[in-house]
Amino acid sequence: MLYLLVINVVWALSFNLIGIFLAGHVDSDFAVLTRVAIAGLVFLPFTAWRAIPAMRKLGTMAAGALQFGVTYLLLYRSFHFVSVAEVLLFTIFTPIYITLLDDLYQRRFNRRAFGATLLAVLGSLIIRYDHIDANALTGFLLLQLANLTFAAGQVGYRQLVRRYPVNLPEYRSFGYFFAGALIVALPSFLIFGNPAKLPTLPEQFAVLAFLGLASSALGFYWWNKGACMVDAGTLGAMNNMHIPIGLLINLAFFNQHADVLRLVAGGVVMLGAVWFSRAGRSG
């Protein structure tokens, strides 16, 4: 649990740093690629090349491609369409997707989780009820795809570790996670990247370094390590802890003019949706 709590604080800060210092200023594909490269280099010296089963390697790469590569390419793009506070709130759907995917793996359908998804959509509409335009819809949909791939990566990695255990510390195989993310992030930059929007300011380089070392290398390792130590219900709940922390940081330091009442009202509805999806679950 401690791993998940610490990384929630780190990621809450990261959302704000991305929105303030990088979004609209630094090419999003380059930012994601930089994070992947820094984190991959951190784990490279510890990676075991022969003692890890092939399926564990491939599965870890797939988890990295989904949970980091695809998720963050979508996440960074969403900052062009919605505010930091809205990005934070719209990630509240992730626990619902974790519930749905975990139930899908167990070959069962959870009506509560499906109903909760509809309720969470209502909460999102409350936040943007006076300004629902193409940008808001695009940002919302990008974040839902990001939430889904982030959830899929977590659920998949949990199952992978249980099915293909190894007699080595987990950090010896986690380098493959970033290799999978690189397979997604590098082609995306080469195809869609804008060389004219590379970082130029010291604070931009500092933020990228923090995101690569703290948010990515330490962040994803501790998050997935913690995810394997708790049940699916707890994991789902912990996926939303960064939201109140991130909102407090955002409203206190970066966005004093936000419509707090509407953000709170929509957030309460979406939080109720998460509670509704978990009601009656034993774990």
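Please refer to the structure higher up on the page.
Since the model is a prediction, treat every value here as computed from it, not as a measurement.

## A few points about the overall build of the protein chain
Thought 1: Scanning the protein chain from terminus to terminus reveals 12 helices and 0 strands.
Thought 2: Ordered by position from the N terminus, the helices and strands of the protein chain form the series α-α-α-α-α-α-α-α-α-α-α-α.
Thought 3: Burial statistics for the protein chain: of 283 residues in total, 52% are counted as buried.
Thought 4: A sequence separation of at least 24 residues applies to 92% of the contacts in the protein chain between residues at least 6 apart.

## Structural notes on the packing of helix α7 (residues 134-163) against helix α9 (residues 202-227)
Thought 1: One way to put it is that α7 packs onto α9 with a least axis distance of 9 Å and a crossing angle of 60 degrees. When the interaxial angle is binned, α7 and α9 end up oblique. Note that α7 runs across α9; the crossing there is right-handed. Of α9, the residues touching α7 (which contributes F150, Q154, Y157 and R158) are F220, W223, N224 and A227.
Thought 2: Split by residue class, the contact of α7 with α9 holds 5 nonpolar, 2 polar and 1 charged.

## Digging into the packing of helix α1 (residues 2-22) against α9
Thought 1: Where α1 contacts α9, the two axes come as close as 9 Å, and the packing angle between them is 150 degrees. In terms of their interaxial angle, α1 and α9 are classed as roughly antiparallel. When the axes of α1 and α9 are compared, the crossing they make is left-handed.

## Digging into empty space enclosed by the protein
Thought 1: Applying the stated criterion across every chain yields a total of 2 cavities of 30 Å³ or more.
Thought 2: Within this model, the largest cavity holds a volume of roughly 180 Å³.
Thought 3: If you trace the largest cavity, you find 14 residues lining it, with F15, Y72, T91, F150 and H242 closest to the centre.
Thought 4: If one sorts the elements of the lining of the largest cavity by residue count, α7 sits on top with 4 residues.
Thought 5: Here the second largest cavity defines a volume of roughly 40 Å³.

## With respect to the layout of surface pockets
Thought 1: Here the second largest pocket defines a volume of roughly 180 Å³.
Thought 2: Lining the second largest pocket we find V36, A37, G40, L41, L44, T47, W49, G175, Y176, F178, A179 and L182.
Thought 3: Sorting the residues of the lining of the second largest pocket by element identifies α2 (28-43) and α8 (175-192) as the ones contributing at least two each.
Thought 4: Tallying contributions element by element places α8 first for the lining of the second largest pocket, with 5 residues.
Thought 5: Among the residues making up the lining of the second largest pocket, the classes are represented as 9 nonpolar, 3 polar and no charged.

## Remarks on the pattern of salt bridges
Thought 1: In this structure the tally under the stated criterion is 1 salt bridge.
Thought 2: We note a salt bridge from D29 to R77, for which the minimum N-O separation is 2.8 Å. You can see D29 sitting in helix α2 and its partner R77 sitting in helix α3 (residues 54-78), a full 48 residues away along the chain.
Thought 3: R77 sits in the partly exposed class, given a relative accessible area of 23%.

## Quick look at the packing of aromatic side chains
Thought 1: The final tally for this structure, using the stated rule, is 22 aromatic pairs.
Thought 2: Aromatic pair F174 and Y221: ring centres 5.5 Å apart, planes at 65 degrees, arrangement edge-to-face. Here Y221 lies in helix α9 and F174 lies in the loop between α7 and α8, a separation of 47 residues in the sequence. Across the pair, Y221 and F174 agree in class, each one buried.

Cut-offs applied
Residues numbered from 1 in each chain as written. Predicted model: local features only at pLDDT ≥ 70, side-chain atom pairs only at ≥ 80, totals over all residues. Heavy atoms only, no water. Helix = DSSP H or I, 4+ residues; strand = E, 2+ residues; numbered from the N terminus. Buried < 20%, exposed > 50% of the residue type's maximum accessible area, 1.4 Å probe, protein only. Contact = heavy atoms within 4.5 Å. Axes fitted to C-alpha atoms, helices over the stretch in contact; angles between N-to-C directions. Parallel < 35°, antiparallel > 145°, perpendicular 65-115°, else oblique. Left-handed = near helix turned anticlockwise from the far one by under 90°. Nonpolar A, V, L, I, M, F, W, Y, C, P; charged D, E, K, R; others polar. 1 Å grid on protein atoms, 1.4 Å probe; cavity = no way out; pocket = protein on both sides within 12 Å on 5 of 7 lines; lining within 4 Å. Points joined across faces, edges and corners; volume = space filled by probe spheres on them. Salt bridge = Lys/Arg side-chain N within 4 Å of Asp/Glu carboxyl O. Phe/Tyr/Trp six-rings, centres within 6.5 Å; stacked < 30°, edge-to-face > 60°.

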